[in-house]
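Here is how the chains run, residue by residue.
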Amino acid sequence: MYISDMRRQLDSKEISVAELLDIYVKRIKERDPQIGAFLYVNESAQGVELAQKRIDSGDADTFTGIPVGLKDNLCTTDMPTTCASKMLDNYIPPYDATVVRKLRDQGAVFVGKLNMDEFAMGASTLTSYYKTTRNPFNLDHVPGGSSGGSAAAVSAELCPVALGSDTGGSVRQPASFCGVTGLRPTYGMVSRYGCVAFASALDQVGPLAQSAVDCGYLLSAIAGKDEYDQTSINSPSFSPIGEHSSVKGKRLAIISELTRSNADPETLAAVKRAAEWFEGAGATVEEISLPTLKYAVPAYYLISSAEASANLSRFDGVRYGYRPSNPQSYEELVTKSRGEGFGWEVKRRIMLGCYALCSGYYDDYYKRAVRLAALIRTEYAAAFVKFDALLSPVSPNPAFPIGQAPTDPTILYLADICTVSASLAGLPALSTPCGYTLKGLPIGLMITGNHWKDGDILSMADAFEREFDRKSPPDFSDLTKQKDSKIHRKEESA
Amino acid sequence: MAKQGVTRLAELSKIHFTLEELEEMNRDMESIMKLMDYIKEVELPPEPEEKFGSNIVYLRPDKIREWKLNKADKTSENTYFKIPRIID
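It should be emphasised that the depicted structure is a prediction, and the values quoted were computed from it without experimental measurement. Each chain carries its own residue numbering, running from 1 in the written order of its sequence. All chains are assigned letters beginning with A, and all ligands numbers beginning with 1, in the order in which they are written. Reporting of local features is limited, given that this is a predicted model, to residues whose pLDDT is at least 70; pairs of side-chain atoms are given and counted only at 80 or more, and all residues count toward the totals for whole chains, interfaces and linings. For the side-chain quantities, the full set of heavy atoms in the structure was used; hydrogens and water were omitted.

Asks: What should I look at first to understand the overall build of chain B in this one?
Replies: A run of H or I in DSSP counts as a helix once it spans at least four residues, and a run of E counts as a strand once it spans at least two, with each numbered from the N terminus. Helices and strands together make up the secondary structure of chain B, namely two helices and zero strands. Within chain B, counting contacts between residues at least 6 apart in sequence, those at least 24 apart form 36% of the total. Contacts are assigned to residue pairs with any non-hydrogen atoms lying within 4.5 Å of each other.

Asks: Looking at this model, I keep getting lost on the packing of aromatic side chains. Mind explaining?
Replies: Ring pairs (aromatic) are described by centroid distance and by the angle formed between their planes. Residue and element names in this part refer to chain A. Under the pairing criterion, centres of Phe, Tyr and Trp rings, with the six-membered ring standing for Trp, must be within 6.5 Å; the plane angle then separates stacked pairs below 30 degrees from edge-to-face pairs above 60, leaving the rest tilted. Under the criterion given, the structure shown has 21 aromatic pairs over all chains. Seen from their ring centres, Phe 315 and Phe 342 are 6.3 Å apart, and the 90 degrees between their planes marks the pair as edge-to-face. Here the residue Phe 315 occupies a position in the loop between α10 (296-311) and α11 (330-341), and Phe 342 occupies one in the loop between α11 and α12 (344-357), the gap between them amounting to 27 residues. The same class applies to Phe 315 as to Phe 342, namely buried. Think of it in three bands: with a 1.4 Å probe and only protein chains considered, a residue is buried below 20% of the maximum accessible area for its type, exposed above 50%, and partly exposed in between.

Asks: Help me understand unusual backbone geometry in this model?
Replies: Backbone geometry follows two general trends: most residues other than glycine have a negative phi, and most peptide bonds adopt the trans configuration. Residues and elements named next belong to chain A. The amide bond that connects Gly 145 to the next residue, Ser 146, takes the cis arrangement and shows omega of 10 degrees. One non-glycine residue, Lys 13, lies in the positive phi region at around 65 degrees. Relative to the helices and strands, Lys 13 is located in the loop between α1 (3-11) and α2 (17-35). The backbone phi angle of Glu 157 is positive, close to 60 degrees, even though this residue is not glycine. By the element assignment, Glu 157 lies in the loop between α5 (148-155) and β4 (161-166). You can call Glu 157 partly exposed: its relative accessible area is 26%.

Asks: It is not clear to me how the interface of chain B and chain A should be interpreted in this structure. Could you clarify?
Replies: Often, the extent of an interface is quoted as the loss of accessible area on bringing the components together. At the interface, 40 residues of chain B touch 44 residues of chain A. Approximately 4,200 Å² of surface area, both sides summed, lies buried where chain B meets chain A, with 71% of it carried by carbon and sulfur atoms. Here a salt bridge means any side-chain nitrogen of Lys or Arg lying within 4 Å of a carboxyl oxygen belonging to Asp or Glu. The interface formed by chain B and chain A holds one salt bridge in total. In this structure, Asp 28 of chain B and Arg 348 of chain A form a salt bridge, with 2.7 Å as the shortest nitrogen-oxygen distance. Nitrogen and oxygen atoms within 3.5 Å of one another constitute a polar contact, given that in protein one can donate a hydrogen and the other can accept it, and given that sequence-neighbouring residues count only through two side-chain atoms. Remark: the boundary between chain B and chain A carries 13 residue pairs in polar contact (both at pLDDT 80 or more). When residues of the side of chain B that touches chain A are traced back to their parent elements, those giving at least two are α1 (3-13) and α2 (19-36) of chain B. Examining the composition of the side of chain B that touches chain A, we find that 10 residues originate from one element, α2 of chain B, more than from any other. Side-chain classes follow a simple rule in which Ala, Val, Leu, Ile, Met, Phe, Trp, Tyr, Cys and Pro form the nonpolar group, Asp, Glu, Lys and Arg form the charged group, and the remainder, Gly included, forms the polar group. Here the residues of the side of chain B that touches chain A are counted per class, giving 24 nonpolar, six polar and 10 charged. Accessible area, probed at 1.4 Å, shrinks when two parts are joined; the buried area is that loss added up over both.

Asks: Quick question: what am I supposed to make of the pattern of salt bridges here?
Replies: Pairing between side chains becomes possible if they bear opposite charge and their charged atoms approach one another. Counted by the stated rule, this structure contains 24 salt bridges over all chains. Among the salt bridges present, the one from Arg 251 of chain A reaches Asp 388 of chain A, with a minimum N-O distance of 3.1 Å. With Arg 251 of chain A in strand β7 (residues 251-255) and Asp 388 of chain A in the loop between α13 (363-386) and β9 (389-393), this residue pair connects regions lying 137 residues apart in the sequence. Classification of Arg 251 of chain A by relative accessible area gives partly exposed; the value is 34%. In this structure, Asp 462 of chain A and Arg 466 of chain A form a salt bridge, with 3.0 Å as the shortest nitrogen-oxygen distance. Residue Asp 462 of chain A and its partner Arg 466 of chain A are both found in helix α16 (residues 454-467); the two are separated by four residues, about one turn of the helix. Several salt bridges converge on common partners, so that one network encompasses Glu 345, Arg 348 and Arg 349 of chain A together with Asp 28 of chain B.

Asks: Before we go on, may I ask you to explain empty space enclosed by the protein in this structure?
Replies: Residue and element names in this part refer to chain A. Whether a set of points on the 1 Å grid over the protein atoms alone is a cavity depends on a 1.4 Å probe fitting there but being unable to get out, while an open set qualifies as a pocket with protein on both sides within 12 Å along at least five of seven lines; lining residues are those with an atom within 4 Å of a point. Grid points are joined across faces, edges and corners, and a volume is the space filled by probe spheres set on the points. Counted according to the given criterion, the structure contains three cavities of 30 Å³ or more. Surrounding the largest cavity, 16 residues form its lining, Gly 122, Gly 168, Ser 170, Tyr 300 and Asp 416 being those nearest its centre. Looking at the second largest cavity, its volume works out to about 40 Å³. Taken together, Asn 73, Phe 119, Ala 120, Ser 165, Thr 167, Cys 195, Val 196, Phe 198 and Asp 203 make up the lining of the second largest cavity. Per-class residue counts for the lining of the second largest cavity are five nonpolar, three polar and one charged.

And the structure:
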């Protein structure tokens with residue numbers, strides 16, 4: 001169900017806020033044991049009565065009474081915020097993230113906190129300390145990451161919309177894997193205050209929803225300058241999607257470096273078909289080369305890891321977080337807290353970041369990566385003189401099976417090739433479903449726009465979505481019962 | 001990357017590793033650094049000319065500061081350390 005449908009039903013009293021929340025909580029109880037999207041379900045969500053009063057008095061805002069899911073790196077005063085890490089087990093922040101506060105002010109009802117890769121480091125949600133999240137389209141496959149819980153929950157209709165965060169593709173890639181729409185807004189459009197910091201020069205909070213229109217609603221609710229995040233400004237040009245989205249006259253280009261690579265043939269074919277649809281709908285589609293993109297992955301990992309090594313230094317077992325039992329010295333308290341509290345991928349990134357910032361290596365790695373990012377921004381700026389938006393796959397491959405995650409970390413890092421360059425350039429980019437593999441796994445199309453053209457790329461995605469035959473995940477409620485009964489029998493025999 | 005290099009990085013990162021973990025991390029870092037070295041291939045435009053004051057080096061040396069609190073007494077609960085009073 002879309003936001004506009006829910007809004008209409010709530011305002012016309014066809015359904016109450018409590019009844020709507022109850023529908024989603026019941027669905028979570030029925031389906032989430034198989035999917036594993038939620039780390040915390042907020043059954044007694046705050047604000048239900050208040051939202052109903054606002055609706056009854058005709059004072060409803062867009063999100064009044066609408067259930068919203070939150071990635072578990074967004075601070076909430078009424079629910080734990082763990083970043084899916086042992087380090088922050090049971091941590092309840094003393095303040096709300098600005099995006100959370102804005103939605104609370106609108107009367108949104110938070111249905112729970114969603115699983116993610118630990119501290120948003122990963123592209124599969126497999127680095128979560130707590131649980132494995134499964135792809136609703138095929139429970140044996142990953143949902144992507146790091147906002148894998150958010151994407152899986154929206155895809156399986158466990159919540160109508162959710163917030164994620166995108167540092168190098170963490171909203172777009174899981175949205176692509178789970179067949180939903182996900183937007184990384186322009187850097188600075190949305191406040192990161194209260195979003196646990198990973199790489200501050202790249203982090204952005206973004207919406208995931210069943211449609212580009214719903215992503216637009218959620219973006220409108222959270223965007224804007226925030227005095228607590230000095231990188232945020234009021235967008236000079238964002239406007240919500242109109243009723244008649246059109247791509248007629250738009251100048252589009254396919255990024256050749258991302259479509260001539262060793263990508264999965266089904267993915268490339270789906271993106272090509274989408275480009276043909278845009279042409280048929282009145283846009284022009286050319287090809288463009290951005291030669292520096294092939295260096296974007298190492299540049300991204302060096303910059304983000306360097307920033308992570310600094311940002312995560314606050315987790316020392318003293319101020320908050322995991323603490324080992326009986327440390328013999330202060331040094332042991334700190335090093336063992338970090339050694340035992342962080343997962344392997346997080347430790348890997350901290351070590352890489354520390355290396356990139358070491359004297360003797362700083363010029364060769366970190367500084368070079370920052371200069372390379374500037375070069376990528378220049379290439380994009382030149383492209384947007386000629387084109388309104390750029391098209392590419394979101395990921396070279398669809399979701400991979402859970403048991404076949406590569407052991408070499410660089411294989412997963414290289415799979416970020418399509419998403420990291422927009423992050424380095426601070427550009428808005430979204431993922432919208434554009435096809436399905438023969439095995440039924442979703443494929444995402446990435447539309448990248450110029451700075452502050454978030455509304456434009458959402459409109460283009462909306463025009464495409466109106467024509468695209470979008471599929472829902474298979475109904476696995478029977479499968480849930482079967483698996484539950486198997487678990488029950490196993491427990492009985494044990 | 002030499003094994004001593006990984007040990008040194010672990011110290012700078014303030015992360016405790018077992019010997020087995022250090023070996024595994026060493027293998028991972030070797031693979032990761034091969035990918036990172038790729039950016040050395042790209043030809044970057046010349047850096048802008050130095051402006052007044054740009055030759056000041058703001059970087060700290062990679063030095064592990066003394067763990068002064070190691071000298072602090074542990075409390076009977078074996079969880080907390082007594083530290084010098086800094087606010088009266």
